[in-house]
Amino acid sequence: MPAAGTSQDSTPAGRLSDTARARAAVAGICDPEIPVLTIEDLGMLRGVTVDDHGQAVVTITPTYSGCPAMFVMKTDILCALDAAGFADARVETVLSPAWTTDWLSDAGREKLQAYGIAPPVRASTSRRALFGEDSVNCPQCGSAETERVSEFGSTSCKALYRCRSCAEPFDYFKCL
Amino acid sequence: MTGPEVIDPKFQYVLRLADDQLILGQRLGEWCGHAPTLEEDLALANIGLDLLGQSRSLFTYAGEIEGKSKGTGKIRSEDDLAFLRHERDYCNALLVEQPNGDFAVTIVRQFLHAAFMTPYWSAMTASADETLAAIAAKSVKELEYHLRHCSEWMIRLGDGTAESHRRTQDALEGLWGYVSEFFEMDEVSNAMLTVGVGLDHAALRTEWDVTVNAVLERATLTRPADDWTQSGGRRGLHSEHMGHILSELQYMQRAYPGMNW
């Protein structure tokens, strides 16, 4: 088995490693609004394929319908693929299945916490009560004595919270 | 006598959905920098952004449907549909084009919309049309947040001071008659219901009533009498406010045709 394939290599093993190479090129691209999380951590990266002609197609799914970071991330993906030798690449957006915070990786949750953003607390599949509120721990001091300031924060995916123990405001990556 | 151009009912059905979300999103954008508090400014902009994102998916799909049904020819892009139609070609419901008014009017308008769209998108996840089902699955999660946010404000305002109560009750009375348009069925929606793509909108009234009644009760607000209704938006017959929205929404494309960035 060759150590690394090239885009001219048409053997199955060559295509496989091309795909792996394309995936490696894009997996580390970060969400510009949460720069500690990659599209892979977020679960936004749904697929990478490279066809017989060496054309790479990256499939991503948005977190929120109107997420303005999508355009930046698509551009970053195309630039990264171009730098990796995939000149004629495409990015496709899929809506189904709809993105959920359950796809956030464990590594991603830890990075969020370390960055000062409380990770989503609850499986998104349980339908929320109309006036239900999550119990969120402060990412700074760990206290459960927190309160929600607003369900809508600086980006679509975050809510604003405040810690009653250490008095620090913080972002919460809300369940979707 | 020349009748109206025969249009694919699915195109028309998707366009109505797109126009509702676009125009309401545009209205919310008007609050940017003007909301009562910074947190609420962010919330209204976030909700507007969700709606704008939904409308983009819907416009793109509407353009594809139109392109297919017309055969060859240029497919209208999301921008073509959003920016380059005349007022009579927009088919949003009248509720969403009503002016922002005071904060109570904006919250009541949003609440009435979210109380309808939440069960609507929820049911549309089972649509026979895969694209619409996918957009629905994405949108319903966002609408649940909108509905909860507006419901909390309804209660805070209705059960707040005498003035906030009065303003919220006035807003309810002023907007109530526009709600019935969401539940109307016509040739377009019936055609989509028959093929399993769309829903029986009238059947969503029960769930809407349950949601609205529960919130109004907690908010100590009185449900208005159903003594007037106004509709026409689906046929392109708009209130006097629509042209003003479009003059702002379409300004750049009208001033600099074909511009992009």
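For clarity, every value in this text was computed on a predicted model and none was experimentally measured. (Residues numbered from 1 in each chain as written. Chains lettered and ligands numbered in written order. Predicted model: local features only at pLDDT ≥ 70, side-chain atom pairs only at ≥ 80, totals over all residues. Heavy atoms only, no water.)

*Asks:* Looking at this structure, how should I read the domain arrangement of chain A?
*Replies:* Interfaces are frequently sized by the accessible area removed from exposure as the parts join. All names here are of chain A. We note that the domain assignment places domain 1 (18-93) and domain 2 (105-173) within chain A. Taking only C-alpha atoms, the centre of domain 1 and the centre of domain 2 are 27 Å apart. Each partner contributes to the interface: domain 1 provides nine residues, whereas domain 2 provides twelve residues. Each partner contributes to the roughly 930 Å² buried at the junction of domain 1 and domain 2, and carbon and sulfur atoms together form 68% of this total. Area buried by domain 1 at its contact with domain 2 is led by Ile34, Val36 and Asp41, which between them contribute 49% of it. Where domain 1 touches domain 2, the interface holds one salt bridge. One salt bridge in this structure joins Lys111 and Asp41, with 2.5 Å as the shortest N-O distance. (Domains from an automatic or database assignment. Contact = heavy atoms within 4.5 Å. Buried area = accessible area lost by both parts, 1.4 Å probe. Salt bridge = Lys/Arg side-chain N within 4 Å of Asp/Glu carboxyl O.)

*Asks:* Teacher, can you tell me more about the interface of chain A and chain B here?
*Replies:* In this complex, chain A contributes 29 residues to the contact, which on the side of chain B involves 28 residues. The junction of chain A with chain B conceals about 2500 Å² of combined surface from both sides, 60% of it contributed by carbon and sulfur atoms. Between chain A and chain B we count two salt bridges in total. Linking B:Arg148 and A:Glu151 is a salt bridge whose minimum nitrogen-to-oxygen distance equals 3.1 Å. Summed over the shared surface of chain A and chain B, the number is nine residue pairs in polar contact (both at pLDDT 80 or more). The element contributing the most residues to the side of chain A that touches chain B is strand 7 (residues 146-150) of chain A, with three residues. Of the residues in the side of chain A that touches chain B, the class split is 14 nonpolar, ten polar and five charged. (Polar contact = N/O pair within 3.5 Å; in protein donor to acceptor, adjacent residues only side chain to side chain. Helix = DSSP H or I, 4+ residues; strand = E, 2+ residues; numbered from the N terminus. Nonpolar A, V, L, I, M, F, W, Y, C, P; charged D, E, K, R; others polar.)

*Asks:* In this structure, what is going on with helix 9 (residues 187-194) of chain B? I would like to understand it.
*Replies:* Residues and elements named next belong to chain B. Along helix 9, the residues that are buried comprise Val188, Ser189 and Met192. One side of helix 9 holds all its buried residues, which, seen down the axis, span an arc of 90°. Projecting away from the buried face of helix 9 at angles above 90 degrees are the exposed residues Glu187 and Thr194. Near the N-terminus of helix 9, the side chain that reaches the backbone nitrogen of Val188, with its oxygen 3.1 Å away, is that of Asp186. In the segment just after helix 9, Gly196 is the residue with positive phi, at about 80°. (Buried < 20%, exposed > 50% of the residue type's maximum accessible area, 1.4 Å probe, protein only. Arc of directions from axis to C-beta.)

*Asks:* How do you make sense of the sheet that holds strand 3 (residues 45-50) of chain A when you look at a structure like this?
*Replies:* As a general point, the strands of a sheet are linked pairwise by backbone hydrogen bonds and lie either parallel or antiparallel. Residue and element names in this part refer to chain A. Here we have three strands laid out as an open sheet, ordered 3-4-5, and mixed in their pairing. The open sheet is flanked by strand 3 and strand 5 (90-93), the only strands paired with a single partner. Geometrically, the sheet is characterised by an average inter-axis angle of 20° between neighbouring strands, direction not taken into account. Here five bridges tie strand 3 to strand 4 (residues 56-60), and the two strands are oriented antiparallel to one another. (Pairing = 2+ DSSP bridges. Axes fitted to C-alpha atoms, helices over the stretch in contact; angles between N-to-C directions.)

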